[in-house]
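# Geometric and topological summary
So you can see what is in the structure, the chains are spelled out below.
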Number of protein chains: 2
Amino acid sequence: MAQDTFSKEETLAMRRRLIGHSCRLFYSDDPVKIIRARGQYLYDEHGKRYLDCISNVQHVGHCHPSITEVAAAQMDLLNINTRFLHDNMVQYADRLAASLPDKLCIFYFVNSGSEANDLALRLAQQYTQHQDVIVLDHAYHGHLMSLIDISPYKFRKLSGQKEWVHVAPLPDTYRGLYREDHPNPGDAYADTVKDLIDEVHSKGRKISAFFAESLPSVGGQIIMPQGYSTKVAEYVHSAGGVFVADEVQTGFGRVGTHFWAFQLQGEGFCPDIVTMGKPMGNGHPLACVATTVEIAGAFTANGVEYFNTFGGNPVSCAIGLAVLDVIEKEDLRRNATKVGAHLKQLLTQLQTRHDIIGHVRGIGLFVGLELVTDRRTRAPATKTAAEVVKRLKEQDRICVSTDGPWENVVKFKPPMCFSIQDADLVVRCIDQNELKYCSKPLNSTKHLTLTLQIITKRSMCNINQVYFYQFSQDTRGMSFQ
Amino acid sequence: MAQDTFSKEETLAMRRRLIGHSCRLFYSDDPVKIIRARGQYLYDEHGKRYLDCISNVQHVGHCHPSITEVAAAQMDLLNINTRFLHDNMVQYADRLAASLPDKLCIFYFVNSGSEANDLALRLAQQYTQHQDVIVLDHAYHGHLMSLIDISPYKFRKLSGQKEWVHVAPLPDTYRGLYREDHPNPGDAYADTVKDLIDEVHSKGRKISAFFAESLPSVGGQIIMPQGYSTKVAEYVHSAGGVFVADEVQTGFGRVGTHFWAFQLQGEGFCPDIVTMGKPMGNGHPLACVATTVEIAGAFTANGVEYFNTFGGNPVSCAIGLAVLDVIEKEDLRRNATKVGAHLKQLLTQLQTRHDIIGHVRGIGLFVGLELVTDRRTRAPATKTAAEVVKRLKEQDRICVSTDGPWENVVKFKPPMCFSIQDADLVVRCIDQNELKYCSKPLNSTKHLTLTLQIITKRSMCNINQVYFYQFSQDTRGMSFQ
């Protein structure tokens, strides 16, 4: 295995020659080549450090040594398919069961969130013997053919909407049908699902599943209004369907206060199927479907084996167990709660100074900063959001990205070891970026204070680069290179 | 991570409680608990060794130390998604490209053979703008919803045949339409595909792809007749479709003489899409789609990103590169050629003594032993095949399994480090099992010779167990336990 064998230009040229161009790069004008990482920091081929605010897959931190150790030990001992008995899979399932409501007690291990969602769809359709699926607007559930069908984010650009797929409004209280001024947006949005079910029934069709992320991510880092899921589950169950909670992006303590984001909806709510993925193996391809005895029983009753070659193998499960151990030992849920609240508070403070910030929302280390060109109309500031992403990378070496139907929501889903200092840094840098790009610059005193604060913080790591960065920032066009 | 934390009974009880029963166990009456493995050998919780003739995933041998070393080093350094530039993916794609015909030069990395086949189907449909797919009878292409649709082995038991899926006869020259006595079975079977295309066209439908394993595996370890693929590709191309070669089970040198099984059809034949999976990461979830510039271009032209969270990450690609290195350094293709030929020769000798052996076929370490109750009618000896599998496990601690529409083909797809001695052992043990179970036992002199040969061989590893095994075998019912 080679490390940094090629120059960045060579790597890029080989990538253009050998890899399908549908596989896109971040910062396509000038992509970043990363050769090592640790915790929440990435390092490029020159050793330059980037703060990573987006790798929710590397959940407990990049290259966590205790995960590597466990993986290597298990790889040296045994990796085999699950047609043979092994302790790791059952032990892992037992640990996951302990994190979930009692009724979610049967597990299927797979290799990706997409494989999990595909299986969830099969389970739902097999159990209900119905076909139709209700999904949320702008949802994304994976790259497989079956999931493009249930992902408005994809099917609108591709094959179009199938007759068995129905799109409910995104319960977005900032931009959606019912907003923060509505007395009960949870019920109001749930009623849109009820109406949709009635419409489906009027066509003689039947609902197999309501399928939604517990916090819609691609949809724009949306926090579901309280009461929504409980009501939706009621309506869906009445129609003979099941509630699938897609926790691929949101599970494993990201929201801090709870292990699963669906638990934010209160103890009265429990989905029938939960799918998990991204953070589960800290980068190792590992995913899972949890469901009830009844749904699993219906799936078994068809008499057909479900075999997933790599799913649930001893190495994957050892890694999964190690991730759970690190979350507990390092109290990462508490860190997510604390740092997430701090980040949200800082961003909310920023909102008082910058009109372009329309909305700050989030829970734990799942945070969105929605930019608008006009607070009244809430017109999305798509271009500025892209500029913020680009400048944060170029000037501050901070990686963020955007989400939402208009790509105007700057998202934060960092590794769970993200610190108070990291939050301070990113918010200060956003503040700086705003200064150059937004209509209402701060006065120079404020600017100076911030600049000095950044210098103080950053000089601890690399003073030369910080000064260079500050000069090039403050002198607006003058070059010191 | 725990090793052998629970007794086998406890593990089994937990599995029954926690894991969907659709996930089946080998030897369901008395499953095997494996806790470590090395090369072609598995070890149970009592340290008892099993010879593994079926783990084609652990391609270069279980727990190969150089793979573990590379994986651990890369896990410690970096694991990140492919929106960042990294050398491993492009380097790996470059190495794979070198193994393929020039036109197959664009790669997409995914996590399982199923994900690869799903993407292949998308690529084919996007490129051709046609929908229909021709597959071989009894084919299995994966567990995803899209792949159940194109897998007669699955859809016949589940959702049934879709109107856009068409099933061509399996080109099986032992049991199929055209047999060993046909002057040109390759052309004859290809003509069945031509006829099917004509039928599809007569319905006003259009072919997107012909989708087939290069050597049908679940179909019964079938060796395609010469000329078949070239002719089929001609017909499919004329219809505006593409040829997808599923190499998930057969690639990476398993056939010995060639790196890819499709290459057995001669240099004149080249598929338009090749999918890879199982052996690619020696157990690590790693898979890939290779295709042409034109097909990849059409996929890019739809303007939609293809993003696979784990696919092509630096750890997966480092492992993939390490597997290629081991195949080369240990000359495993030559070993597969040599040991596979030896195994086939021994089984062919066995055929001269046992009427129940209807057919021996294979290439490299992809070998099938088809059992029949009557050589003339070729009636499948399904029950005996199951008994052979069971007895080999119980008495000889050798793992084989069955395939084929009647589950009467004993299959051999061992790790590529399988040795001449391993082949000798398994064939002698099959011979012994036959002695007890088949209608025409050998005469006692022959039996004695074989028994002594086995004692000689096996005594090298564990003389006590061998003697015990021989006693219990030879005394037919007397117990020495």
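Here goes a summary of the coordinates provided. Computed from a predicted structure; not experimentally measured.

Of the regular secondary structure elements, chain A holds 14 helices and 16 strands. For chain A, with 481 residues in total, the buried portion stands at 66%. Looking at chain A as shown, the accessible area adds up to about 16,900 Å², and 51% of this sits on carbon and sulfur atoms.

All names here are of chain A. Taking 1.5 Å as the rise per residue, helix 12 (residues 382–396) with 15 residues should run 21 Å; its terminal C-alpha atoms sit 20 Å apart, in good agreement. For helix 12, the set of buried residues is Thr 384, Ala 385, Val 388, Val 389, Arg 391, Leu 392, Lys 393 and Asp 396. Count one or two residues on from helix 12 and you reach Arg 397, which has phi positive near 50°.

Residue and element names in this part refer to chain B. In spatial order, the strands read 4-10-9-8-7-5-6; together these 7 strands make up an open sheet with mixed pairing. Unpaired on one side and paired on the other, strand 4 (106–110) and strand 6 (165–168) mark the two borders of the sheet. Across the sheet, the mean angle separating the axes of adjacent strands is 20° when strand polarity is ignored. Note: strand 4 against strand 10 (residues 287–291), 5 bridges, orientation antiparallel. Among the inter-strand pairings, Ile 106 is bridged to a residue of strand 10, identified as Thr 291. Strand contacts of helix 7 (residues 185–202): strand 5 (132–136), strand 6 and strand 7 (207–213), with the helix running at about 155° to strand 6, the strand carrying the most contacts. Against the sheet, helix 8 (residues 228–238) engages strand 5, strand 7 and strand 8 (242–246), with an angle of about 140° to strand 8.

Between chain B and chain A, which share one sequence, the superposing operator has a rotation angle of 180° and an axial displacement of 0.0 Å; the RMSD is 0.0 Å. Such values leave the two copies arranged in the relation of a two-fold axis. Relative to the rotation axis, the C-alpha of Ala 72 of chain B is the closest in chain B, positioned 2.8 Å from it. A symmetric contact is evident, with 100% of the interface residues of chain B recurring at the interface of chain A.

Turning our attention to the environment of Thr 173 of chain B. If you trace the backbone, Thr 173 of chain B turns up in the loop between strand 6 and helix 7. Residues Thr 173 of chain B and Gly 186 of chain B lie 13 residues apart in sequence; the distance between their C-alpha atoms is 9.2 Å.

The subject of this paragraph is the interface of chain B and chain A. Contacts between chain B and chain A engage 105 residues on the former and 105 residues on the latter. When chain B packs against chain A, close to 9,600 Å² is buried across both sides, 62% of that on carbon and sulfur atoms. Summed over the shared surface of chain B and chain A, the result is 6 salt bridges. Between Asp 87 of chain B and Lys 33 of chain A there is a salt bridge; the shortest N-O distance is 2.8 Å. Across the chain B-chain A interface, the total number found is 46 residue pairs in polar contact (both at pLDDT 80 or more). Residue contributions to the side of chain B that touches chain A peak at 10 residues, all from helix 2 (residues 65–77) of chain B.

For the rest of this paragraph, the subject is the packing of helix 7 of chain B against helix 8 of chain B. Any two packed helices are characterised by the angle at which their axes cross and by the distance between the axes. Residue and element names in this part refer to chain B. Helix 8 packs onto helix 7 with a crossing angle of 20° between their chain directions and a minimal axis gap of 8 Å. Considering their axes alone, helix 7 and helix 8 lie roughly parallel with respect to each other. Regarding helix 7 and helix 8, the two cross each other, and that crossing is right-handed. Two secondary-structure elements touch here, helix 7 through Gly 186, Asp 187, Tyr 189, Ala 190, Asp 191, Val 193, Lys 194 and Ile 197 and helix 8 through Tyr 228, Lys 231, Val 232, Tyr 235 and Val 236. Its residues assigned to classes, the contact of helix 7 with helix 8 comprises 8 nonpolar, 1 polar and 4 charged.

Here we take up the pairing of strand 12 (residues 366–374) of chain B. Residues and elements named next belong to chain B. Extensive coverage of strand 12 is indicated by the burial of 7 of its 9 residues. Sheet topology note: the strand 11 (residues 357–363)/strand 12 ladder contains 6 bridges and is antiparallel. What sits directly across from Val 360, in strand 12, is Leu 369. The loop that links strand 11 with its antiparallel partner strand 12 comprises 2 residues; one of these, Gly 364, has a positive phi angle of about 60°. Where strand 12 and strand 16 (residues 409–412) come together, 4 bridges link them in antiparallel fashion. Of the residues in strand 16, the one forming a bridge with Leu 369 is Val 410. Where strand 12 and strand 13 (residues 379–380) come together, 2 bridges link them in antiparallel fashion. Paired with Asp 374 across the bridge in strand 13 is Ala 379. Joining the antiparallel neighbours strand 12 and strand 13 is a turn of 4 residues, in which Arg 378 adopts a positive phi near 60°.

This paragraph deals with unusual backbone geometry. Residues and elements named next belong to chain A. Phi at Arg 378 is positive, roughly 60°, even though this residue is not glycine. Structurally, Arg 378 is set in the loop between strand 12 (366–374) and strand 13 (379–380). Positive phi is not limited to glycine here, since Arg 397 has a value of about 50°.

Taken as a whole, this structure holds 11 cavities of 30 Å³ or more when the rule is applied. Each pocket or cavity is described by its volume, and for the largest cavity that value is around 130 Å³.

Residues and elements named next belong to chain A. Here 4 strands make up an open sheet; going across it, the order is 1-2-3-14 and the pairing mixed. Two strands in the sheet have a free side with no partner beyond their single neighbour: strand 1 (34–38) and strand 14 (398–399). Judged from the 4 bridges that link them, strand 1 and strand 2 (residues 41–44) form a sheet pairing that is antiparallel. Residue Ile 34 lies in a different strand from strand 2, and its bridge partner there is Asp 44.

Before going further, it helps to examine the nonpolar core. Membership of the largest hydrophobic core comes to 284 residues, with the highest contact counts inside it found for Phe 107 of chain A together with Phe 107 of chain B. With near-sequence residues (within four places) excluded, Phe 107 of chain B lies in contact with Leu 18, Ile 19 and Gly 20 of chain A together with Ala 93, Leu 96, Ala 97, Leu 100, Met 276, Cys 288, Val 289 and Ala 290 of chain B.

The periodicity of an α-helix, 3.6 residues per turn, causes residues three or four places apart in sequence to face the same way. All names here are of chain A. Taking 1.5 Å of rise per residue, 16 residues should cover 22 Å, and helix 10 (residues 314–329) covers 22 Å from first to last C-alpha, within 8% of that figure. Of all 16 residues that make up helix 10, 13 are buried, and the element is covered over most of its length. In the stretch just after helix 10, Asp 331 is the one whose phi turns positive, near 50°.

Moving on to the packing of aromatic side chains. Working definition: an aromatic ring pair is given by the centre-to-centre distance plus the angle between the planes. The full count for this structure, using the stated rule, is 30 aromatic pairs over all chains. When the ring of Phe 26 of chain B is compared with that of Tyr 27 of chain B, the centres are 6.0 Å apart and the planes differ by 45°; the resulting orientation is tilted. In terms of burial, Phe 26 of chain B and Tyr 27 of chain B fall into one category: buried. An aromatic cluster of at least three residues, connected via ring pairs, comprises Phe 210, Tyr 228, Phe 243, Phe 262 and Phe 269 of chain A. Above the plane of the ring of Tyr 153 of chain A lies Lys 157 of chain A, whose end atom (NZ or CZ) is 4.3 Å from the centre.

A word on the packing of helix 2 of chain B against helix 10 (residues 314–329) of chain B. Residues and elements named next belong to chain B. Look at helix 2 against helix 10: their axes get within 9 Å of each other, and the N-to-C directions meet at 155°. Comparing their axes, helix 10 and helix 2 come out roughly antiparallel. The hand of the helix 2/helix 10 crossing is right-handed. Between helix 2, through Ser 66, Ile 67, Val 70, Ala 71, Gln 74 and Met 75, and helix 10, the contact on the second element is made entirely by Pro 314, Val 315, Ala 318, Ile 319, Ala 322, Val 323 and Val 326. Residue composition of the contact of helix 2 with helix 10, grouped by class: 11 nonpolar, 2 polar and no charged.

Cut-offs applied
- Residues numbered from 1 in each chain as written.
- Chains lettered and ligands numbered in written order.
- Predicted model: local features only at pLDDT ≥ 70, side-chain atom pairs only at ≥ 80, totals over all residues.
- Heavy atoms only, no water.
- Helix = DSSP H or I, 4+ residues; strand = E, 2+ residues; numbered from the N terminus.
- Buried < 20%, exposed > 50% of the residue type's maximum accessible area, 1.4 Å probe, protein only.
- Areas by Shrake-Rupley, 256 points an atom, 1.4 Å probe, with all protein chains shown as cover.
- Expected span 1.5 Å × (residues − 1).
- Pairing = 2+ DSSP bridges.
- Axes fitted to C-alpha atoms, helices over the stretch in contact; angles between N-to-C directions.
- Contact = heavy atoms within 4.5 Å.
- Least-squares fit on C-alpha atoms with pLDDT ≥ 70 in both.
- Buried area = accessible area lost by both parts, 1.4 Å probe.
- Salt bridge = Lys/Arg side-chain N within 4 Å of Asp/Glu carboxyl O.
- Polar contact = N/O pair within 3.5 Å; in protein donor to acceptor, adjacent residues only side chain to side chain.
- Parallel < 35°, antiparallel > 145°, perpendicular 65-115°, else oblique.
- Left-handed = near helix turned anticlockwise from the far one by under 90°.
- Nonpolar A, V, L, I, M, F, W, Y, C, P; charged D, E, K, R; others polar.
- 1 Å grid on protein atoms, 1.4 Å probe; cavity = no way out; pocket = protein on both sides within 12 Å on 5 of 7 lines; lining within 4 Å.
- Points joined across faces, edges and corners; volume = space filled by probe spheres on them.
- Core = buried A, V, L, I, M, F, W, Y, C linked by side-chain atoms within 4.5 Å.
- Phe/Tyr/Trp six-rings, centres within 6.5 Å; stacked < 30°, edge-to-face > 60°.
- Lys NZ or Arg CZ within 6 Å of the ring centre and 35° of its normal.

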